[in-house]
Amino acid sequence: MAHGPAFAENYRPVPYWWEAAPPDTSAGDALPPEADVAVVGSGYTGLHAALQCAWAGRATVILEAEVPGWGCSTRNGGQVSTSVKPSFAELSARQGPEIAEAILRDGQASLDFTERFIVENELDADFRVVGRFHGAHMAASYERLAREIAGTNPAFRTNAYMVTKREMATELGTDAYFGGAVFPRHASLDPGKYHRELLRLCRDAGVQIVPKCRVTELERQATGFRLRTENGALRAGRVVLATNGYSGPLSPWHRRRVVPIGSYVIATEPVTAALMDRLFPTDRVLSDTRKLVYYYRPAPDRSRVLFGGRVSLTESNPDRTGPVLLAELARLFPALDGTRLSHSWSGTVAYSFDTLMHTGEDAGLYHAMGYCGSGVGMAGYLGMKTGRRAAGLDGGETAFDRIPYPTRPFYRGSPWFLAPSVLVYRIRDRFGW
Ligand SMILES: Cc1cc2nc3c(=O)[nH]c(=O)nc-3n(C[C@H](O)[C@H](O)[C@H](O)COP(=O)(O)OP(=O)(O)OC[C@H]3O[C@@H](n4cnc5c(N)ncnc54)[C@H](O)[C@@H]3O)c2cc1C
């Protein structure tokens, strides 16, 4: 299909990660009549939750509406950070210093957990501790970032340090930033390979995985739940909701707390090694101080650039957003002008009204969700914690159990306010306030 000059001949509107780790389209398991634990959703949250349950000897089934990993978990940018967006000062003002500290501690624990899990289980996921460079898109943003890092308790600073505009050449081949901050402990991985490895561990542990099996109704019974699905019914003692940005009408209480927002990514066609080394002298993952953040990185083999962000007011088609993202990439790195797209795709992240992730339980119904676009490490970590609770094991508590999961009056799960919010953020990014 002809798409225009921005598109390479072999352009595909699917995640670049699906080239090395294609979606698992096998028939999967048949729906069993009952299980100790039913996990709804097969992303990092669901797979890590299921693993804990299966390793503890519980009969565990994962029900997935599409194919395994259909959601964000094979579509993301592969950046592994501490995930918590609000600063200690903001969290303290909202929740008090003790909970604020516990939240930041969970952020760090999610990073440590992800690294340890991948190393100990010898997962083939291209995991590397490369650090993250966070660029200041305005001079005032640089000052704000420096103040924030200096004001962070050293225990939570993860050795972050500032890089001035003059020192920038060691980080990035662009004049577009006013310096930035390096977070040396942050990491990168290949999201598709990571998901494929988790799926393998689940199968090895005896988890039954039922694809094309959307759960349409959840009914509480005297003991446990009856789940109605597209493939029939199932009884389960406990249920884990791991549906994140794809949470639909199944549980209205959760839907009223999830703000689904599309995030869009492109991959360029291959660029020369010399150009890659000039523009990206390190393997760091990258982000910036815009409200509508750009996140990007070299591909694991440094063959091309992957660049993501939000460039449309309303949800859009990756064929449309691809050229817009490519133009933004070329604005930041003029040497990439004329480079074409090989892939363009999107996924739906789950924002929450307090920009925090949430875990909790309501009499046997567990949830972990709301990663606000930052869940590669955190979703696995909170999935693991939630799985421990669902399996009746110790060590499943998190700081996020201790805070309310807010909604807004009249909000039913359809974010009518998205377009005006994106517009306001665009203006704020332009003028730096
Ligand atoms: C484009 C993009 C870039 C991102 N980049 C980064 C990044 O670089 N770093 C980072 O930390 N985070 C990033 N994220 C966020 C991160 O990918 C997510 O936070 C994480 O993958 C969430 O995992 P999850 O398992 O909770 O949800 P998902 O992986 O989204 O899985 C939810 C699953 O639930 C299924 N489901 C929903 N309803 C039902 C139902 N009723 N019955 C059965 N199944 C159902 C869906 O089909 C879906 O497969 C990005 C996200 C996107 C979209």
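To start, this report covers the structure provided alongside it. All values reported here derive from a predicted model rather than from experimental measurement.

Notes on the side chain of Arg310
- Here Arg310 is to be found in the loop between strand 16 (305-309) and helix 9 (318-332).
- Among the polar contacts made by the side chain of Arg310, one reaches the main-chain carbonyl oxygen of Gly262 at a distance of 3.1 Å.
- In terms of polar contacts, Arg310 uses its side chain to reach the backbone carbonyl oxygen of Ser312, at 2.9 Å.
- In contact with Arg310, other than residues within four places in its own chain, are Ile261, Gly262, Tyr264, Leu292, Val293, Glu315, Leu418 and Val422.

Overview of helix 10 (residues 378-390)
- Between its first and last C-alpha, helix 10 extends 18 Å over 13 residues, near the 18 Å set by a 1.5 Å rise per residue.
- Burial analysis of helix 10 places eleven of its 13 residues in the buried class, which makes it a mostly covered element.
- If you follow the buried residues of helix 10, they end up packed against strand 2 (34-40), helix 2 (44-55), helix 4 (97-120), strand 12 (232-241), strand 18 (358-362) and strand 19 (365-369).
- Just downstream of helix 10 lies Gly392, where phi reads positive at about 75 degrees.

Observations concerning the nonpolar core
- Counting residues in each nonpolar core, the largest one holds 53 residues, and the members touching the most others are Val84, Ile103 and Phe400.
- Of all elements in the fold, only strand 2, helix 2, helix 4, helix 6 (191-204), strand 19 and helix 10 reach the threshold of two or more residues within this core.
- By residue number, the principal contributor to this core is helix 4, which donates nine residues.
- Discounting chain neighbours no more than four positions away, the residues touching Val84 are Leu91, Ile103, Leu104, Gly107, Leu356, Met357, Met378 and Phe400.
- Counting residues in hydrophobic clusters, the runner-up holds 29 residues, among them Met168, Leu172, Ile266 and Leu279.

Considering the environment of Thr348
- Summarising the element assignment, Thr348 is placed in strand 17 (residues 341-351).
- Taking the relative accessible area as the measure of exposure, Thr348 reaches 23% and is therefore partly exposed.
- When neighbours within four sequence positions are excluded, Thr348 is seen to be in contact with Cys72, Gly245, Tyr246, Pro260, Ile261 and Gly262.

Let's talk about unusual backbone geometry
- Positive phi, close to 50 degrees, is recorded for Thr355, a residue that is not glycine.
- The residue Thr355 is located in the loop between strand 17 and strand 18 in this model.
- You will see that Phe410, though not glycine, has its phi angle at about 70 degrees, which is positive.
- Tracing the sequence through the fold places Phe410 in the loop between helix 10 and helix 11 (418-431).
- A residue is classified by how much of its surface remains accessible, and Phe410, at 74% relative accessible area, is exposed.

Looking at the site of the ligand
- The full set close to the ligand counts 36 residues, and Thr45, Glu64, Ser73, Gln79 and Val376 are the nearest of them.
- Glu64 is positioned with one of its side-chain polar atoms (N or O) 2.6 Å from an oxygen atom of the ligand.
- Note that an oxygen atom of the ligand is positioned 3.4 Å from one of the backbone N or O atoms of Gly78.
- Contact with the protein chains hides 97% of the accessible area of the ligand, taken as 1000 Å² for the molecule alone.
- Sorting the residues of the shell around the ligand by element identifies helix 2, strand 13 (259-268) and strand 17 as the ones contributing at least two each.
- Of the residues that constitute the shell around the ligand, the class distribution is 16 nonpolar, 17 polar and three charged.

Observations concerning the pattern of salt bridges
- Tallied over the entire structure, the rule returns 24 salt bridges.
- With a closest N to O distance of 2.6 Å, Asp283 and Arg302 form a salt bridge. Placement of the pair is Asp283 in the loop between helix 8 (273-279) and strand 14 (285-288) and Arg302 in the loop between strand 15 (295-298) and strand 16, with a sequence separation of 19 residues.
- When its relative accessible area of 22% is taken as the criterion, Asp283 is described as partly exposed.
- Among the charged side chains, a network of salt bridges with common partners joins Glu66, Lys212, Arg214 and Glu230.

Parameters at a glance
Residues numbered from 1 in each chain as written. Predicted model: local features only at pLDDT ≥ 70, side-chain atom pairs only at ≥ 80, totals over all residues. Heavy atoms only, no water. Helix = DSSP H or I, 4+ residues; strand = E, 2+ residues; numbered from the N terminus. Polar contact = N/O pair within 3.5 Å; in protein donor to acceptor, adjacent residues only side chain to side chain. Contact = heavy atoms within 4.5 Å. Expected span 1.5 Å × (residues − 1). Buried < 20%, exposed > 50% of the residue type's maximum accessible area, 1.4 Å probe, protein only. Core = buried A, V, L, I, M, F, W, Y, C linked by side-chain atoms within 4.5 Å. Near = heavy atom within 4 Å. Areas by Shrake-Rupley, 256 points an atom, 1.4 Å probe, with all protein chains shown as cover. Nonpolar A, V, L, I, M, F, W, Y, C, P; charged D, E, K, R; others polar. Salt bridge = Lys/Arg side-chain N within 4 Å of Asp/Glu carboxyl O.

Keep in mind these numbers describe shape, not what the thing actually does.
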